[in-house]
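If you want the building blocks of each chain, they are given just below.
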Amino acid sequence: MAEHMLRFVNVPQQTPDKRAVAERRRDFGEIYRIFEEQDAARQSSRCSQCGVPFCSIHCPLHNNIPDWLKLTAEGRLEEAYEVSSATNNFPEICGRICPQDRLCEGNCVIEKGFEAVTIGAVERYITDTAFERGWVKPITPRRELDASIGIIGAGPGGMAAAEELRRRGYQVTIYDRYDRAGGLMIYGIPNFKLEKDVVLRRQRLCEASGIRFVLNCAVGTDVTLSELRARHAAVLIATGVYKPREIGGPGAGLAGIVPALDYLIASNRENLGDHVPDFTSGRLNAAGKHVVVIGGGDTAMDCVRTAVRQGAKSVKCLYRRDRANMPGSMREVKNAEEEGVEFVWLTAPEAFTGDDAVIGVRVVRMRLGLPDASGRQSVEPQEGSHHTVKADLVIKALGFDPEDLPAMFNEPALAVTRWGTLRVNHRSFMTSLPGVFAAGDIVRGASLVVWAIRDGRDAAKRVHEYVEQQQALPAAAE
Ligand code: FAD
Ligand code: SF4
Ligand code: SF4
(Lines give C-alpha, C1' and ligand atoms only; values in the text may rest on other atoms or scores of the structure.)
(Ligands and ions follow the chains in the order given, each with its own letter.)
Protein backbone atom coordinates (compact mmCIF):
# COMPACT_ATOMS: atom_id res chain seq x y z
CA MET A 1 0.00 0.00 0.00
CA ALA A 2 1.31 3.40 -0.91
CA GLU A 3 2.69 5.41 1.99
CA HIS A 4 0.50 8.33 0.90
CA MET A 5 -2.81 6.59 1.47
CA LEU A 6 -5.08 5.33 4.28
CA ARG A 7 -4.86 8.57 6.21
CA PHE A 8 -8.53 8.70 7.11
CA VAL A 9 -7.66 8.03 10.76
CA ASN A 10 -5.61 11.21 11.14
CA VAL A 11 -6.97 13.47 8.39
CA PRO A 12 -10.56 14.60 8.96
CA GLN A 13 -12.94 15.02 6.04
CA GLN A 14 -12.85 18.50 4.57
CA THR A 15 -15.12 19.78 1.83
CA PRO A 16 -14.10 22.84 -0.19
CA ASP A 17 -15.05 26.07 1.61
CA LYS A 18 -18.40 27.62 0.80
CA ARG A 19 -18.62 31.35 0.27
CA ALA A 20 -20.29 33.32 3.07
CA VAL A 21 -24.09 33.19 2.90
CA ALA A 22 -24.52 36.97 2.81
CA GLU A 23 -22.18 37.15 -0.19
CA ARG A 24 -23.67 34.27 -2.15
CA ARG A 25 -27.26 35.48 -1.66
CA ARG A 26 -26.27 38.54 -3.68
CA ASP A 27 -24.72 36.91 -6.74
CA PHE A 28 -24.93 33.86 -8.98
CA GLY A 29 -21.30 32.67 -8.65
CA GLU A 30 -20.61 29.05 -7.67
CA ILE A 31 -20.82 28.67 -3.92
CA TYR A 32 -17.96 26.17 -3.43
CA ARG A 33 -14.36 27.28 -3.73
CA ILE A 34 -11.92 24.96 -5.49
CA PHE A 35 -9.47 22.94 -3.34
CA GLU A 36 -5.90 24.17 -2.99
CA GLU A 37 -3.37 21.58 -4.25
CA GLN A 38 -2.35 20.48 -0.72
CA ASP A 39 -6.00 20.07 0.35
CA ALA A 40 -6.80 17.92 -2.69
CA ALA A 41 -3.75 15.75 -1.93
CA ARG A 42 -4.59 15.46 1.79
CA GLN A 43 -8.23 14.61 1.14
CA SER A 44 -7.28 12.04 -1.51
CA SER A 45 -4.86 10.43 0.94
CA ARG A 46 -7.82 9.50 3.17
CA CYS A 47 -8.85 6.77 0.69
CA SER A 48 -8.21 3.25 1.92
CA GLN A 49 -7.78 1.85 -1.63
CA CYS A 50 -10.51 -0.76 -1.18
CA GLY A 51 -10.05 -4.06 -3.01
CA VAL A 52 -13.69 -3.85 -4.04
CA PRO A 53 -14.28 -0.10 -4.41
CA PHE A 54 -17.96 0.48 -3.78
CA CYS A 55 -17.47 4.13 -4.76
CA SER A 56 -16.69 3.04 -8.36
CA ILE A 57 -19.43 0.45 -8.44
CA HIS A 58 -21.99 3.11 -7.54
CA CYS A 59 -20.64 5.71 -9.96
CA PRO A 60 -22.70 5.38 -13.18
CA LEU A 61 -19.46 5.73 -15.17
CA HIS A 62 -17.53 3.28 -12.97
CA ASN A 63 -14.77 5.82 -12.69
CA ASN A 64 -11.45 4.43 -11.45
CA ILE A 65 -11.76 6.51 -8.31
CA PRO A 66 -9.12 4.84 -6.09
CA ASP A 67 -6.55 5.18 -8.90
CA TRP A 68 -7.02 8.90 -9.41
CA LEU A 69 -7.18 9.54 -5.68
CA LYS A 70 -3.83 7.79 -5.24
CA LEU A 71 -2.25 9.75 -8.11
CA THR A 72 -3.58 13.01 -6.64
CA ALA A 73 -2.24 12.14 -3.19
CA GLU A 74 1.16 11.53 -4.82
CA GLY A 75 1.05 14.87 -6.68
CA ARG A 76 0.90 13.09 -10.07
CA LEU A 77 -1.94 15.29 -11.31
CA GLU A 78 -1.48 14.94 -15.04
CA GLU A 79 -1.74 11.16 -14.74
CA ALA A 80 -4.73 11.59 -12.43
CA TYR A 81 -6.36 13.68 -15.16
CA GLU A 82 -5.66 11.01 -17.77
CA VAL A 83 -7.22 8.26 -15.65
CA SER A 84 -10.20 10.40 -14.71
CA SER A 85 -10.93 11.59 -18.26
CA ALA A 86 -10.64 8.07 -19.68
CA THR A 87 -14.06 7.13 -18.30
CA ASN A 88 -15.79 10.52 -18.03
CA ASN A 89 -16.21 13.14 -20.77
CA PHE A 90 -17.00 15.97 -18.33
CA PRO A 91 -15.41 15.15 -14.95
CA GLU A 92 -15.30 18.79 -13.82
CA ILE A 93 -19.07 19.01 -14.38
CA CYS A 94 -19.88 15.76 -12.56
CA GLY A 95 -17.52 16.77 -9.75
CA ARG A 96 -19.67 19.89 -9.31
CA ILE A 97 -23.22 18.64 -9.75
CA CYS A 98 -23.51 14.87 -9.25
CA PRO A 99 -25.54 14.07 -6.14
CA GLN A 100 -22.46 12.40 -4.67
CA ASP A 101 -24.27 11.63 -1.41
CA ARG A 102 -26.42 9.15 -3.36
CA LEU A 103 -23.68 7.83 -5.69
CA CYS A 104 -19.90 7.54 -5.15
CA GLU A 105 -19.50 9.23 -1.77
CA GLY A 106 -22.67 7.71 -0.33
CA ASN A 107 -21.07 4.32 -0.91
CA CYS A 108 -17.54 5.11 0.23
CA VAL A 109 -16.72 2.49 2.83
CA ILE A 110 -13.94 4.01 4.88
CA GLU A 111 -14.26 2.34 8.22
CA LYS A 112 -17.34 3.04 10.27
CA GLY A 113 -17.19 6.31 12.14
CA PHE A 114 -15.15 8.11 9.48
CA GLU A 115 -16.72 10.33 6.86
CA ALA A 116 -16.53 9.60 3.11
CA VAL A 117 -13.67 10.71 0.90
CA THR A 118 -14.68 13.95 -0.86
CA ILE A 119 -14.54 12.32 -4.29
CA GLY A 120 -16.53 14.90 -6.26
CA ALA A 121 -14.45 17.87 -5.08
CA VAL A 122 -11.22 16.05 -5.99
CA GLU A 123 -12.60 15.08 -9.41
CA ARG A 124 -13.46 18.71 -10.11
CA TYR A 125 -10.04 19.85 -8.84
CA ILE A 126 -8.16 17.44 -11.13
CA THR A 127 -9.89 18.60 -14.34
CA ASP A 128 -10.05 22.32 -13.51
CA THR A 129 -6.30 22.10 -12.90
CA ALA A 130 -5.81 20.17 -16.15
CA PHE A 131 -7.59 22.97 -18.05
CA GLU A 132 -5.54 25.64 -16.26
CA ARG A 133 -2.27 23.88 -17.05
CA GLY A 134 -3.13 23.18 -20.69
CA TRP A 135 -3.32 19.38 -20.42
CA VAL A 136 -6.81 19.19 -21.92
CA LYS A 137 -6.42 18.88 -25.67
CA PRO A 138 -8.94 18.63 -28.51
CA ILE A 139 -9.53 15.16 -29.90
CA THR A 140 -7.29 14.18 -32.80
CA PRO A 141 -8.64 10.96 -34.30
CA ARG A 142 -6.03 8.46 -35.48
CA ARG A 143 -7.80 8.25 -38.85
CA GLU A 144 -10.60 10.18 -40.53
CA LEU A 145 -13.67 8.25 -41.66
CA ASP A 146 -16.00 9.33 -44.45
CA ALA A 147 -19.12 8.34 -42.56
CA SER A 148 -20.98 11.13 -40.78
CA ILE A 149 -23.25 10.89 -37.74
CA GLY A 150 -26.05 13.33 -36.92
CA ILE A 151 -26.87 13.95 -33.27
CA ILE A 152 -30.06 15.71 -32.21
CA GLY A 153 -29.54 17.52 -28.90
CA ALA A 154 -26.40 19.21 -27.54
CA GLY A 155 -26.95 18.23 -23.89
CA PRO A 156 -24.53 16.02 -21.97
CA GLY A 157 -25.84 12.85 -23.68
CA GLY A 158 -25.41 14.23 -27.20
CA MET A 159 -22.07 15.90 -26.48
CA ALA A 160 -20.56 12.82 -24.80
CA ALA A 161 -21.64 10.64 -27.75
CA ALA A 162 -20.24 13.22 -30.19
CA GLU A 163 -16.83 13.11 -28.51
CA GLU A 164 -16.72 9.32 -28.50
CA LEU A 165 -17.69 9.11 -32.18
CA ARG A 166 -15.25 11.82 -33.17
CA ARG A 167 -12.48 9.93 -31.32
CA ARG A 168 -13.23 7.00 -33.65
CA GLY A 169 -12.84 9.31 -36.68
CA TYR A 170 -16.48 10.00 -37.61
CA GLN A 171 -17.63 13.35 -39.00
CA VAL A 172 -20.08 14.49 -36.35
CA THR A 173 -22.77 17.18 -36.53
CA ILE A 174 -24.92 18.12 -33.52
CA TYR A 175 -28.25 19.85 -34.17
CA ASP A 176 -29.91 21.81 -31.36
CA ARG A 177 -32.97 24.02 -31.24
CA TYR A 178 -31.36 26.35 -28.68
CA ASP A 179 -28.86 29.07 -29.59
CA ARG A 180 -26.24 27.64 -27.22
CA ALA A 181 -24.94 24.11 -26.63
CA GLY A 182 -25.12 22.33 -23.28
CA GLY A 183 -28.83 21.44 -22.96
CA LEU A 184 -29.98 21.67 -19.35
CA MET A 185 -26.37 22.30 -18.29
CA ILE A 186 -26.56 25.73 -19.93
CA TYR A 187 -30.21 26.77 -19.54
CA GLY A 188 -31.59 24.60 -16.69
CA ILE A 189 -28.93 24.33 -13.99
CA PRO A 190 -28.13 27.72 -12.43
CA ASN A 191 -24.68 29.31 -12.22
CA PHE A 192 -24.38 28.89 -8.47
CA LYS A 193 -24.08 25.12 -9.09
CA LEU A 194 -22.35 25.21 -12.47
CA GLU A 195 -20.87 28.37 -13.94
CA LYS A 196 -21.57 28.68 -17.64
CA ASP A 197 -17.94 29.21 -18.66
CA VAL A 198 -17.36 25.60 -17.61
CA VAL A 199 -19.99 24.43 -20.12
CA LEU A 200 -18.94 26.81 -22.90
CA ARG A 201 -15.31 25.68 -22.46
CA ARG A 202 -16.49 22.14 -23.29
CA GLN A 203 -18.36 23.35 -26.36
CA ARG A 204 -15.23 25.12 -27.61
CA LEU A 205 -13.22 21.96 -27.08
CA CYS A 206 -15.74 19.92 -29.08
CA GLU A 207 -15.54 22.49 -31.89
CA ALA A 208 -11.74 22.41 -31.83
CA SER A 209 -12.02 18.61 -32.11
CA GLY A 210 -13.92 19.03 -35.38
CA ILE A 211 -17.45 18.47 -34.07
CA ARG A 212 -19.89 20.72 -35.91
CA PHE A 213 -22.75 22.45 -34.09
CA VAL A 214 -25.84 23.54 -35.99
CA LEU A 215 -27.68 25.68 -33.44
CA ASN A 216 -31.12 27.33 -33.69
CA CYS A 217 -32.18 24.25 -35.61
CA ALA A 218 -35.27 22.47 -34.32
CA VAL A 219 -35.57 19.02 -35.79
CA GLY A 220 -39.15 18.55 -36.89
CA THR A 221 -39.46 22.23 -37.88
CA ASP A 222 -36.24 23.45 -39.50
CA VAL A 223 -35.17 20.05 -40.77
CA THR A 224 -36.94 16.71 -40.73
CA LEU A 225 -35.72 13.50 -39.17
CA SER A 226 -35.95 11.79 -42.54
CA GLU A 227 -33.67 14.45 -44.07
CA LEU A 228 -31.14 13.79 -41.32
CA ARG A 229 -31.39 10.04 -41.90
CA ALA A 230 -30.62 10.61 -45.57
CA ARG A 231 -27.71 12.94 -44.71
CA HIS A 232 -25.98 10.74 -42.12
CA ALA A 233 -24.91 7.10 -41.76
CA ALA A 234 -26.71 7.06 -38.40
CA VAL A 235 -28.67 9.48 -36.22
CA LEU A 236 -28.69 9.68 -32.42
CA ILE A 237 -31.63 11.32 -30.64
CA ALA A 238 -30.65 12.93 -27.31
CA THR A 239 -33.39 15.52 -26.94
CA GLY A 240 -34.08 15.28 -23.20
CA VAL A 241 -37.48 15.75 -21.53
CA TYR A 242 -39.12 19.16 -21.43
CA LYS A 243 -42.91 18.89 -21.01
CA PRO A 244 -43.68 20.29 -17.53
CA ARG A 245 -46.07 18.32 -15.31
CA GLU A 246 -49.08 20.51 -14.68
CA ILE A 247 -50.95 21.31 -11.53
CA GLY A 248 -54.72 21.57 -11.45
CA GLY A 249 -57.24 23.02 -9.02
CA PRO A 250 -59.18 26.27 -8.84
CA GLY A 251 -57.15 29.32 -9.91
CA ALA A 252 -54.40 27.25 -11.55
CA GLY A 253 -54.58 29.50 -14.63
CA LEU A 254 -54.00 32.81 -12.79
CA ALA A 255 -51.20 35.14 -13.88
CA GLY A 256 -48.08 34.79 -11.73
CA ILE A 257 -48.13 30.97 -11.78
CA VAL A 258 -45.23 29.92 -14.01
CA PRO A 259 -43.41 26.72 -15.08
CA ALA A 260 -40.02 26.15 -13.42
CA LEU A 261 -38.00 25.77 -16.60
CA ASP A 262 -39.34 29.03 -18.11
CA TYR A 263 -38.27 30.75 -14.91
CA LEU A 264 -34.79 29.16 -14.82
CA ILE A 265 -34.13 29.69 -18.53
CA ALA A 266 -34.98 33.39 -18.17
CA SER A 267 -32.59 33.71 -15.23
CA ASN A 268 -29.78 31.81 -16.98
CA ARG A 269 -30.22 33.87 -20.14
CA GLU A 270 -30.08 37.13 -18.18
CA ASN A 271 -26.90 35.94 -16.50
CA LEU A 272 -25.45 35.11 -19.92
CA GLY A 273 -26.12 38.71 -20.98
CA ASP A 274 -29.26 38.14 -23.10
CA HIS A 275 -32.23 40.48 -22.90
CA VAL A 276 -35.31 38.56 -21.72
CA PRO A 277 -38.52 40.63 -21.98
CA ASP A 278 -40.41 38.38 -19.50
CA PHE A 279 -37.66 38.99 -16.96
CA THR A 280 -37.66 42.75 -17.46
CA SER A 281 -41.47 42.88 -17.25
CA GLY A 282 -41.29 41.00 -13.94
CA ARG A 283 -43.27 37.94 -15.08
CA LEU A 284 -40.24 35.65 -14.66
CA ASN A 285 -38.44 37.66 -11.99
CA ALA A 286 -38.78 37.14 -8.23
CA ALA A 287 -37.46 40.54 -7.16
CA GLY A 288 -39.57 42.01 -4.34
CA LYS A 289 -42.06 39.11 -4.37
CA HIS A 290 -43.36 36.47 -2.01
CA VAL A 291 -42.37 33.33 -3.88
CA VAL A 292 -43.80 29.84 -3.44
CA VAL A 293 -42.15 26.95 -5.25
CA ILE A 294 -44.10 23.70 -5.49
CA GLY A 295 -42.06 20.48 -5.67
CA GLY A 296 -39.23 18.70 -3.91
CA GLY A 297 -36.70 17.77 -6.62
CA ASP A 298 -33.51 19.32 -7.98
CA THR A 299 -35.50 21.75 -10.13
CA ALA A 300 -37.41 23.07 -7.11
CA MET A 301 -34.12 23.55 -5.22
CA ASP A 302 -32.71 25.53 -8.13
CA CYS A 303 -35.81 27.74 -8.30
CA VAL A 304 -35.87 28.63 -4.61
CA ARG A 305 -32.18 29.51 -4.62
CA THR A 306 -32.54 31.57 -7.81
CA ALA A 307 -35.43 33.50 -6.23
CA VAL A 308 -33.29 34.33 -3.19
CA ARG A 309 -30.58 35.75 -5.46
CA GLN A 310 -33.10 37.79 -7.44
CA GLY A 311 -34.11 39.57 -4.23
CA ALA A 312 -37.44 37.91 -3.35
CA LYS A 313 -39.15 39.16 -0.17
CA SER A 314 -39.72 35.59 1.02
CA VAL A 315 -39.17 32.14 -0.50
CA LYS A 316 -41.06 29.03 0.53
CA CYS A 317 -40.83 25.51 -0.87
CA LEU A 318 -43.97 23.41 -0.51
CA TYR A 319 -43.52 19.65 -0.60
CA ARG A 320 -46.19 17.09 0.16
CA ARG A 321 -43.86 14.56 1.77
CA ASP A 322 -41.22 15.15 4.46
CA ARG A 323 -37.51 15.89 4.32
CA ALA A 324 -36.55 12.21 4.45
CA ASN A 325 -38.77 11.38 1.47
CA MET A 326 -37.89 14.20 -0.89
CA PRO A 327 -36.15 13.40 -4.18
CA GLY A 328 -33.82 16.45 -4.18
CA SER A 329 -30.26 16.25 -2.90
CA MET A 330 -29.87 16.84 0.87
CA ARG A 331 -26.80 18.92 0.17
CA GLU A 332 -28.91 21.32 -1.89
CA VAL A 333 -31.65 21.50 0.79
CA LYS A 334 -29.00 22.47 3.33
CA ASN A 335 -27.56 25.09 1.01
CA ALA A 336 -31.05 26.49 0.39
CA GLU A 337 -31.85 26.63 4.11
CA GLU A 338 -28.59 28.46 4.79
CA GLU A 339 -29.60 30.98 2.15
CA GLY A 340 -32.92 31.68 3.86
CA VAL A 341 -35.40 29.40 2.09
CA GLU A 342 -38.25 28.07 4.23
CA PHE A 343 -39.25 24.47 3.57
CA VAL A 344 -42.86 23.70 4.31
CA TRP A 345 -42.91 19.91 4.50
CA LEU A 346 -46.02 17.72 4.33
CA THR A 347 -48.02 20.44 2.62
CA ALA A 348 -49.85 20.30 -0.72
CA PRO A 349 -51.55 23.04 -2.76
CA GLU A 350 -55.29 22.77 -3.34
CA ALA A 351 -56.19 26.07 -4.98
CA PHE A 352 -54.78 29.45 -5.93
CA THR A 353 -56.41 32.69 -4.82
CA GLY A 354 -56.56 36.05 -6.61
CA ASP A 355 -58.70 37.82 -9.22
CA ASP A 356 -56.39 38.07 -12.24
CA ALA A 357 -53.03 37.45 -10.64
CA VAL A 358 -52.23 35.02 -7.86
CA ILE A 359 -52.06 36.40 -4.29
CA GLY A 360 -52.05 33.20 -2.31
CA VAL A 361 -51.88 29.39 -2.34
CA ARG A 362 -54.51 27.52 -0.39
CA VAL A 363 -52.79 24.48 1.10
CA VAL A 364 -53.61 21.44 3.15
CA ARG A 365 -51.34 19.60 5.59
CA MET A 366 -50.55 16.01 4.67
CA ARG A 367 -49.70 12.95 6.73
CA LEU A 368 -47.59 10.01 5.62
CA GLY A 369 -49.44 6.73 5.22
CA LEU A 370 -48.40 3.16 4.47
CA PRO A 371 -45.83 2.37 1.76
CA ASP A 372 -47.35 1.81 -1.69
CA ALA A 373 -46.37 -0.91 -4.23
CA SER A 374 -43.12 0.97 -4.99
CA GLY A 375 -42.21 1.04 -1.29
CA ARG A 376 -42.75 4.79 -1.07
CA GLN A 377 -44.97 6.07 1.73
CA SER A 378 -48.32 7.32 0.47
CA VAL A 379 -49.65 10.70 1.60
CA GLU A 380 -53.12 11.70 2.70
CA PRO A 381 -54.62 15.09 3.61
CA GLN A 382 -55.27 15.96 7.25
CA GLU A 383 -58.86 17.04 7.84
CA GLY A 384 -59.33 20.68 8.89
CA SER A 385 -55.73 21.72 8.21
CA HIS A 386 -56.39 24.15 5.35
CA HIS A 387 -54.79 27.55 5.33
CA THR A 388 -53.50 30.11 2.81
CA VAL A 389 -49.88 30.98 2.11
CA LYS A 390 -49.17 34.44 0.71
CA ALA A 391 -47.68 34.37 -2.82
CA ASP A 392 -47.30 36.71 -5.75
CA LEU A 393 -45.10 34.35 -7.78
CA VAL A 394 -45.80 30.61 -7.81
CA ILE A 395 -43.31 28.36 -9.56
CA LYS A 396 -44.44 24.88 -10.59
CA ALA A 397 -41.57 22.38 -10.29
CA LEU A 398 -43.34 19.05 -10.43
CA GLY A 399 -41.10 17.29 -12.94
CA PHE A 400 -40.97 16.77 -16.67
CA ASP A 401 -42.32 14.33 -19.22
CA PRO A 402 -41.15 13.75 -22.79
CA GLU A 403 -42.65 15.79 -25.58
CA ASP A 404 -44.55 13.83 -28.23
CA LEU A 405 -41.54 12.95 -30.37
CA PRO A 406 -43.32 10.90 -33.06
CA ALA A 407 -45.59 13.92 -33.68
CA MET A 408 -42.76 16.47 -33.39
CA PHE A 409 -40.65 14.54 -35.89
CA ASN A 410 -43.66 13.50 -37.99
CA GLU A 411 -42.50 9.87 -37.67
CA PRO A 412 -45.42 7.76 -36.41
CA ALA A 413 -43.21 4.67 -36.70
CA LEU A 414 -40.92 5.98 -33.95
CA ALA A 415 -42.02 3.76 -31.05
CA VAL A 416 -42.45 5.16 -27.54
CA THR A 417 -43.14 3.59 -24.16
CA ARG A 418 -46.31 4.27 -22.20
CA TRP A 419 -44.45 7.14 -20.49
CA GLY A 420 -43.65 8.72 -23.86
CA THR A 421 -39.91 8.00 -23.62
CA LEU A 422 -38.31 6.51 -26.74
CA ARG A 423 -38.40 2.75 -26.92
CA VAL A 424 -34.93 1.41 -27.62
CA ASN A 425 -33.37 -2.00 -27.74
CA HIS A 426 -31.39 -1.91 -24.49
CA ARG A 427 -28.42 -3.70 -25.98
CA SER A 428 -28.17 -1.85 -29.29
CA PHE A 429 -29.63 1.54 -28.22
CA MET A 430 -31.49 1.51 -31.56
CA THR A 431 -35.05 2.86 -31.75
CA SER A 432 -37.76 1.27 -33.89
CA LEU A 433 -36.29 3.12 -36.91
CA PRO A 434 -33.22 1.44 -38.44
CA GLY A 435 -30.06 3.49 -37.97
CA VAL A 436 -31.74 5.84 -35.47
CA PHE A 437 -30.44 5.54 -31.90
CA ALA A 438 -31.40 7.31 -28.67
CA ALA A 439 -29.77 8.14 -25.33
CA GLY A 440 -30.13 10.22 -22.17
CA ASP A 441 -33.31 11.56 -20.56
CA ILE A 442 -35.40 10.92 -23.67
CA VAL A 443 -34.89 7.19 -23.01
CA ARG A 444 -34.61 7.12 -19.19
CA GLY A 445 -36.98 9.94 -18.27
CA ALA A 446 -35.69 12.90 -16.22
CA SER A 447 -32.45 11.73 -14.66
CA LEU A 448 -28.91 13.02 -14.11
CA VAL A 449 -26.07 14.46 -16.16
CA VAL A 450 -23.82 11.55 -15.23
CA TRP A 451 -26.36 9.04 -16.57
CA ALA A 452 -26.72 11.00 -19.80
CA ILE A 453 -22.93 10.86 -20.24
CA ARG A 454 -22.94 7.13 -19.57
CA ASP A 455 -25.75 6.56 -22.09
CA GLY A 456 -24.07 8.81 -24.68
CA ARG A 457 -20.84 6.82 -24.38
CA ASP A 458 -22.61 3.46 -24.60
CA ALA A 459 -24.77 4.58 -27.53
CA ALA A 460 -21.68 5.82 -29.41
CA LYS A 461 -20.19 2.31 -29.24
CA ARG A 462 -23.37 0.81 -30.67
CA VAL A 463 -23.61 3.44 -33.42
CA HIS A 464 -20.04 2.58 -34.38
CA GLU A 465 -20.79 -1.17 -34.48
CA TYR A 466 -23.86 -0.50 -36.61
CA VAL A 467 -22.06 1.72 -39.14
CA GLU A 468 -19.17 -0.74 -39.43
CA GLN A 469 -21.61 -3.57 -40.02
CA GLN A 470 -23.56 -1.59 -42.64
CA GLN A 471 -20.39 -0.69 -44.47
CA ALA A 472 -19.20 -4.31 -44.45
CA LEU A 473 -22.40 -5.41 -46.21
CA PRO A 474 -22.10 -5.99 -49.95
CA ALA A 475 -23.76 -3.16 -51.91
CA ALA A 476 -26.61 -5.38 -53.16
CA ALA A 477 -27.56 -6.32 -49.64
CA GLU A 478 -27.67 -2.72 -48.36
P1 FAD B 1 -30.73 17.71 -22.18
O2 FAD B 1 -29.67 18.20 -21.28
O3 FAD B 1 -32.11 18.08 -21.85
O4 FAD B 1 -30.38 18.19 -23.65
C5 FAD B 1 -31.28 17.97 -24.71
C6 FAD B 1 -31.01 18.95 -25.82
O7 FAD B 1 -31.83 18.59 -26.94
C8 FAD B 1 -31.36 20.39 -25.48
O9 FAD B 1 -30.27 21.24 -25.74
C10 FAD B 1 -32.55 20.71 -26.38
O11 FAD B 1 -32.56 22.06 -26.84
C12 FAD B 1 -32.31 19.76 -27.54
N13 FAD B 1 -33.53 19.45 -28.30
C14 FAD B 1 -34.71 19.00 -27.82
N15 FAD B 1 -35.59 18.83 -28.83
C16 FAD B 1 -34.95 19.18 -29.96
C17 FAD B 1 -35.33 19.24 -31.32
N18 FAD B 1 -36.55 18.88 -31.73
N19 FAD B 1 -34.42 19.66 -32.24
C20 FAD B 1 -33.17 20.03 -31.86
N21 FAD B 1 -32.77 20.01 -30.57
C22 FAD B 1 -33.64 19.58 -29.64
N23 FAD B 1 -28.57 16.55 -13.08
C24 FAD B 1 -27.49 16.39 -12.28
O25 FAD B 1 -26.75 15.42 -12.47
N26 FAD B 1 -27.20 17.28 -11.29
C27 FAD B 1 -27.96 18.38 -11.08
O28 FAD B 1 -27.66 19.17 -10.19
C29 FAD B 1 -29.08 18.60 -11.91
N30 FAD B 1 -29.84 19.71 -11.77
C31 FAD B 1 -30.88 19.92 -12.63
C32 FAD B 1 -31.62 21.08 -12.52
C33 FAD B 1 -32.68 21.32 -13.38
C34 FAD B 1 -33.42 22.60 -13.25
C35 FAD B 1 -33.04 20.35 -14.34
C36 FAD B 1 -34.22 20.59 -15.22
C37 FAD B 1 -32.32 19.18 -14.45
C38 FAD B 1 -31.23 18.95 -13.61
N39 FAD B 1 -30.47 17.80 -13.72
C40 FAD B 1 -29.37 17.63 -12.92
C41 FAD B 1 -30.78 16.77 -14.74
C42 FAD B 1 -29.88 16.88 -15.95
O43 FAD B 1 -29.72 18.23 -16.34
C44 FAD B 1 -30.42 16.04 -17.11
O45 FAD B 1 -30.62 14.72 -16.64
C46 FAD B 1 -29.45 16.00 -18.28
O47 FAD B 1 -29.15 17.29 -18.74
C48 FAD B 1 -30.04 15.16 -19.43
O49 FAD B 1 -29.18 15.21 -20.53
P50 FAD B 1 -29.70 14.96 -22.02
O51 FAD B 1 -28.49 15.12 -22.88
O52 FAD B 1 -30.45 13.69 -22.08
O53 FAD B 1 -30.76 16.12 -22.31
FE1 SF4 C 1 -19.01 10.54 -8.22
FE2 SF4 C 1 -20.37 11.54 -10.28
FE3 SF4 C 1 -17.75 11.59 -10.30
FE4 SF4 C 1 -19.01 9.28 -10.57
S5 SF4 C 1 -19.06 10.97 -12.00
S6 SF4 C 1 -17.21 9.70 -9.29
S7 SF4 C 1 -20.79 9.60 -9.25
S8 SF4 C 1 -19.04 12.67 -8.86
FE1 SF4 D 1 -11.42 4.92 -1.39
FE2 SF4 D 1 -13.90 5.18 -0.37
FE3 SF4 D 1 -13.56 4.27 -2.82
FE4 SF4 D 1 -12.81 2.76 -0.75
S5 SF4 D 1 -14.91 3.35 -1.28
S6 SF4 D 1 -11.68 3.08 -2.67
S7 SF4 D 1 -12.12 4.34 0.66
S8 SF4 D 1 -13.03 6.30 -2.09
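## Notes on the overall build of the protein chain
Then, in step 1: Of regular secondary structure, the protein chain possesses 18 helices and 16 strands.
Then, in step 2: For a compact globule of 478 residues, the expected C-alpha radius of gyration is about 23 Å, and the protein chain comes in at 23 Å, within 12% of that figure.
Then, in step 3: Expressed as lengths along the three principal axes of its C-alpha atoms, the size of the protein chain is roughly 70 × 60 × 45 Å.
Then, in step 4: Contacts in the protein chain between residues far apart in sequence, at least 24 positions, make up 70% of those at least 6 positions apart.
Then, in step 5: As displayed, the protein chain offers around 20,800 Å² of accessible surface, 49% of which is attributable to carbon and sulfur atoms.
Then, in step 6: Treating the 60 positive side-chain charges of the protein chain as one cloud and the 62 negative ones as another, the clouds have centres 2 Å apart.

## Observations regarding the pairing of strand E10 (residues 347-353)
A regular strand carries its side chains on alternate faces of the sheet.
Then, in step 1: Pairing of E10 with strand E11 (residues 360-371) involves six bridges; the strand directions are antiparallel. Considered in E11, the bridge of Thr347 is made with Arg365.
Then, in step 2: Count of turn residues in the E10/E11 antiparallel hairpin: six residues, of which Gly354 carries a positive phi of about 135°.

## Here we look at the site of ligand 3
Then, in step 1: Neighbouring residues of ligand 3: Cys47, Ser48, Cys50, Pro53, Cys55, Pro66, Leu69, Cys108, Val109, Ile110, Val117 and Ile119.
Then, in step 2: Taken together, the residues of the shell around ligand 3 sort by class into eleven nonpolar, one polar and no charged.

## A few points about the domain arrangement of the protein chain
Then, in step 1: Assigned domains of the protein chain: these are domain 1 (7-132), domain 2 (148-241 + 402-471) and domain 3 (247-399).
Then, in step 2: Between the C-alpha centres of domain 1 and domain 2 there is a distance of 28 Å.
Then, in step 3: Contact residues are listed per partner, giving 25 residues for domain 1 and 24 residues for domain 2.
Then, in step 4: Roughly 2,200 Å² of surface becomes buried between domain 1 and domain 2 when both sides are summed, with 66% attributable to carbon and sulfur atoms.
Then, in step 5: Connecting domain 1 to domain 2 are two salt bridges.
Then, in step 6: For Glu92, the salt bridge identified is with Arg202, shortest N-O distance 2.7 Å.
Then, in step 7: There are twelve residue pairs in polar contact (both at pLDDT 80 or more) connecting domain 1 and domain 2.
Then, in step 8: Elements supplying a minimum of two residues to the side of domain 1 that touches domain 2: helix H5 (77-87), helix H6 (91-97) and helix H7 (119-132).
Then, in step 9: With six residues, H6 is the single largest residue contributor to the side of domain 1 that touches domain 2.

Definitions and limits used
- Residues numbered from 1 in each chain as written.
- Chains lettered and ligands numbered in written order.
- Predicted model: local features only at pLDDT ≥ 70, side-chain atom pairs only at ≥ 80, totals over all residues.
- Heavy atoms only, no water.
- Helix = DSSP H or I, 4+ residues; strand = E, 2+ residues; numbered from the N terminus.
- Rg over C-alpha atoms; globule rule 2.2 N^0.38 Å.
- Contact = heavy atoms within 4.5 Å.
- Areas by Shrake-Rupley, 256 points an atom, 1.4 Å probe, with all protein chains shown as cover.
- Lys, Arg positive; Asp, Glu negative; His and termini not counted.
- Charge placed at Lys NZ, Arg CZ, Asp CG, Glu CD.
- Pairing = 2+ DSSP bridges.
- Near = heavy atom within 4 Å.
- Nonpolar A, V, L, I, M, F, W, Y, C, P; charged D, E, K, R; others polar.
- Domains from an automatic or database assignment.
- Buried area = accessible area lost by both parts, 1.4 Å probe.
- Salt bridge = Lys/Arg side-chain N within 4 Å of Asp/Glu carboxyl O.
- Polar contact = N/O pair within 3.5 Å; in protein donor to acceptor, adjacent residues only side chain to side chain.

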